[in-house]
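The chain contents come next:
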Amino acid sequence: MNQTIREMAQGLLMAKGITVVAHIAPDGDTLGASCALALALEQLHKPVVRYCADRVPERLAFLPGADAFTQSLEAAMASDWVVAVDCAAPDRMGAGRALLDAGKRVMVLDHHGSNRGFGDLCYVSGASSASEPTFDLLEALGADLDAQMADCLYTGMVTDTGRFGFPGVTGQTLRRAAQTLEAGAHYVQICRSQFQRRSLAATKLLGAAISSMELHFDGKMALMSVTPEIMAGCGGSLEDMEGIVNYASEVIGVEIGAMIYPASGRWKVSLRAANTARVDMVADLLGGGGHAKAAGGRAHGTLDEAKRQVLEAVEEAKAL
C-alpha cells in the first residue's frame, strides 16, 4: 500500500476531529468519495464534519450522509485534520480554502493530473476517479465496506468515468466496482437516477443547447451555448446543465465538444474530447483545469466574446 495513504490513515485514526471537504459545484465523485470516507470514519467512532461551499445537487441528495453537509466554516474549523477530496487545487475548496489559510493540517486525496500538490499530505493517484484511492484509504483505516459506502463509491466511479467508458478505466476500476456490488450497492437505481432521469427544465435546456450547436475547425469542434435569458425561460439552474456538453462531443466527426453557459455573473465553459483530442490544456488557458478528456474553464464578456475566447484557446493549445 502507498506510504502516503498509510500516513493519512494514521493521522485520521489519531485525530480528535476531522472535516471532509468536497469541491465547489460538487459532482458525483467528490460527494461519493467524501460521503464514503465520512461514513468509514464514523464507523470507527471518529467525529466528522462534512463541508462543501456549495449545496448538494438534488440529483445526488440520495447519497448516504449527503444531508449532513454544512456550509458553515465555523463548524469545519473545529477539526484538527481536514481532508480535501477530489480537489485539484486549493481554489476548488471554495470558501473552504480558509481552512488551509488558517493553518489547519490538510490531507489531499485526488486523481487529477493537474494537481501540483498542496496541504501537509497529498496523494494524487492518477486513477479514473477520486473514489478509487478512497478505497485504498478505507482499507488502510480498517473500515468494513458496507452497502452505504458502496452506494457512495459506485456513484463516484460510474459518474466520473461516464459509465466506465472514459480513458483511464482499468481492470482495477472494474474490480473496485465489483466490490461495491458485492457489498450491496444499488447500482440499477444509481444509474437510473444519474443517467436516465431528467427534469422538465433540464430537458428544455438540453433542447435549447442542441439547437444552438455550431461547428468549427472543419467540423472537428462542436460549440453549444445557453444564455441567462434562455436558462430563466426554461426554469433551469446550473444543476440542470450537468452532462449536456456530452451531446456536443458525440456528434460524428467532432473531436472536441464545448458548452458555454452563465454561472455567477460570468460564463462557465465545459469541455469534452473524443478520440485523440484532449482538452486539459484548453481548460488551463481558460483559467480552469481537469482531465485530458473532460475539463472546464471560464470566459468573460458577451456571449460572442466568450465563444471567441474558447475558440482561441483551442487554437492556441493546438488541441485539434
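Quantities reported herein were computed from a predicted structural model and do not represent experimental measurements. (Residues numbered from 1 in each chain as written. Predicted model: local features only at pLDDT ≥ 70, side-chain atom pairs only at ≥ 80, totals over all residues. Heavy atoms only, no water.)

## Digging into the overall build of the protein
Logical step 1: When its secondary structure is counted, the protein shows 13 helices and 11 strands.
Logical step 2: When its C-alpha atoms are laid out on the principal axes, the protein stretches across 55 × 40 × 35 Å.
Logical step 3: Among the 320 residues that make up the protein, the fraction classed as buried is 51%.
Logical step 4: In the protein, the share of contacts with a sequence separation of at least 24, taken over all contacts with a separation of at least 6, comes to 65%.
Logical step 5: Of the charged side chains in the protein, 28 are positive and 37 negative, and the gap between their average positions amounts to 1 Å. (Helix = DSSP H or I, 4+ residues; strand = E, 2+ residues; numbered from the N terminus. Buried < 20%, exposed > 50% of the residue type's maximum accessible area, 1.4 Å probe, protein only. Contact = heavy atoms within 4.5 Å. Lys, Arg positive; Asp, Glu negative; His and termini not counted. Charge placed at Lys NZ, Arg CZ, Asp CG, Glu CD.)

## Examining the nonpolar core
Logical step 1: Counting 41 residues, the largest nonpolar core has M8, L12, L37, L41 and L137 as the members making the most contacts within it.
Logical step 2: The dominant element in this core, judged by the number of residues it contributes, is helix α2 (residues 28–43), at 9 residues.
Logical step 3: Apart from the residues lying within four places of it in its own chain, the contact partners of L41 are L12, I18, V20, K46, V48 and L141.
Logical step 4: In this structure, V282, L303, L311 and A317 belong to the second largest nonpolar core, which totals 24 residues. (Core = buried A, V, L, I, M, F, W, Y, C linked by side-chain atoms within 4.5 Å.)

## Things to note about the pattern of salt bridges
Opposite charge on two side chains permits them to pair, given that their charged atoms come into close proximity.
Logical step 1: If you walk through the whole model with that rule in mind, you get 10 salt bridges.
Logical step 2: A salt bridge links E239 to R55; the shortest N-O distance between them is 2.9 Å. Taken together, the residues span a long stretch of sequence, with E239 in the loop between α10 (228–234) and α11 (246–249) and R55 in the loop between β2 (48–52) and α3 (73–77) at a distance of 184 residues.
Logical step 3: By relative accessible area, E239 is classed as partly exposed at 24%. (Salt bridge = Lys/Arg side-chain N within 4 Å of Asp/Glu carboxyl O.)

## Overview of the environment of V20
Logical step 1: With respect to the secondary-structure elements, V20 resides in strand β1 (residues 18–22).
Logical step 2: Take V20: its relative accessible area is 0%, and that puts it in the buried class.
Logical step 3: Once the C-alpha coordinates of V20 and V106 are considered, the two residues, 86 residues apart in sequence, prove to be 9.9 Å apart.
Logical step 4: Ignoring any residue separated from it by four or fewer positions in sequence, one finds V20 in contact with S34, L37, L41, V48, V49, R50, Y51, F69, V83 and V85.

## A few points about unusual backbone geometry
Logical step 1: The backbone of F217 sits at a positive phi, close to 50°, despite the residue not being glycine.
Logical step 2: Mapped onto the elements, F217 comes out in the loop between β6 (214–216) and β7 (221–225).
Logical step 3: On the accessibility criterion, F217 (30% relative accessible area) is partly exposed.
Logical step 4: Although it is not a glycine, S264 sits at a positive phi angle of roughly 55°.
Logical step 5: For S264, the location among the structural elements is in the loop between β8 (256–263) and β9 (266–273).

## Concerning the side chain of T155
Logical step 1: Note that T155 resides in helix α6 (residues 147–160).
Logical step 2: You can call T155 buried: its relative accessible area is 0%.
Logical step 3: A distance of 2.7 Å separates a polar side-chain atom of T155 from the backbone oxygen of D151.
Logical step 4: The contacts of T155, once residues within four sequence positions are left out, are G28, L60, F62, L63 and I190. (Polar contact = N/O pair within 3.5 Å; in protein donor to acceptor, adjacent residues only side chain to side chain.)

## Some thoughts on the sheet that holds strand β4 (residues 105–110)
Logical step 1: Pairing in this open sheet of 5 strands is parallel, and the strands run β2-β1-β3-β4-β5 from one edge to the other. Two strands lie at the open edges of the sheet, namely β2 and β5 (121–124), each paired on one side alone. Across the sheet, the mean angle separating the axes of adjacent strands is 15° when strand polarity is ignored.
Logical step 2: In terms of strand pairing, strand β3 (residues 81–85) meets β4 through 5 bridges, oriented parallel. Within the sheet, the bridge partner assigned to V85 lies in β4 and is L109. (Pairing = 2+ DSSP bridges. Axes fitted to C-alpha atoms, helices over the stretch in contact; angles between N-to-C directions.)

## A closer look at the pairing of β4
Logical step 1: Taken across its 6 residues, β4 has 5 buried, putting it largely inside the fold.
Logical step 2: Sheet topology note: the β4/β5 ladder contains 4 bridges and is parallel. Across the sheet, the residue bridging to L109 is Y123, located in β5.

## Section: helix α9 (residues 200–211)
Every α-helix carries 3.6 residues per turn, so stepping three or four residues along brings you back to the same face.
Logical step 1: If you check α9, its first and last C-alpha atoms are 17 Å apart, about what 12 residues at 1.5 Å a residue would give, namely 16 Å.
Logical step 2: Residues A201, A202, L205, L206 and A209 constitute the buried set of α9. Across the axial projection of α9, the buried residues extend over an arc of 140°, all falling on one side. What points out from α9, more than 90 degrees from its buried face, is the exposed set L200 and S211. (Expected span 1.5 Å × (residues − 1). Arc of directions from axis to C-beta.)

## Description of the packing of aromatic side chains
Logical step 1: Tallying each qualifying case throughout the model produces 2 aromatic pairs.
Logical step 2: These aromatic residues form a ring-pair network of at least three members: Y154, F164 and Y187.
Logical step 3: Sitting over the ring of F195, R163 keeps its end group 4.3 Å from the ring centre. (Phe/Tyr/Trp six-rings, centres within 6.5 Å; stacked < 30°, edge-to-face > 60°. Lys NZ or Arg CZ within 6 Å of the ring centre and 35° of its normal.)

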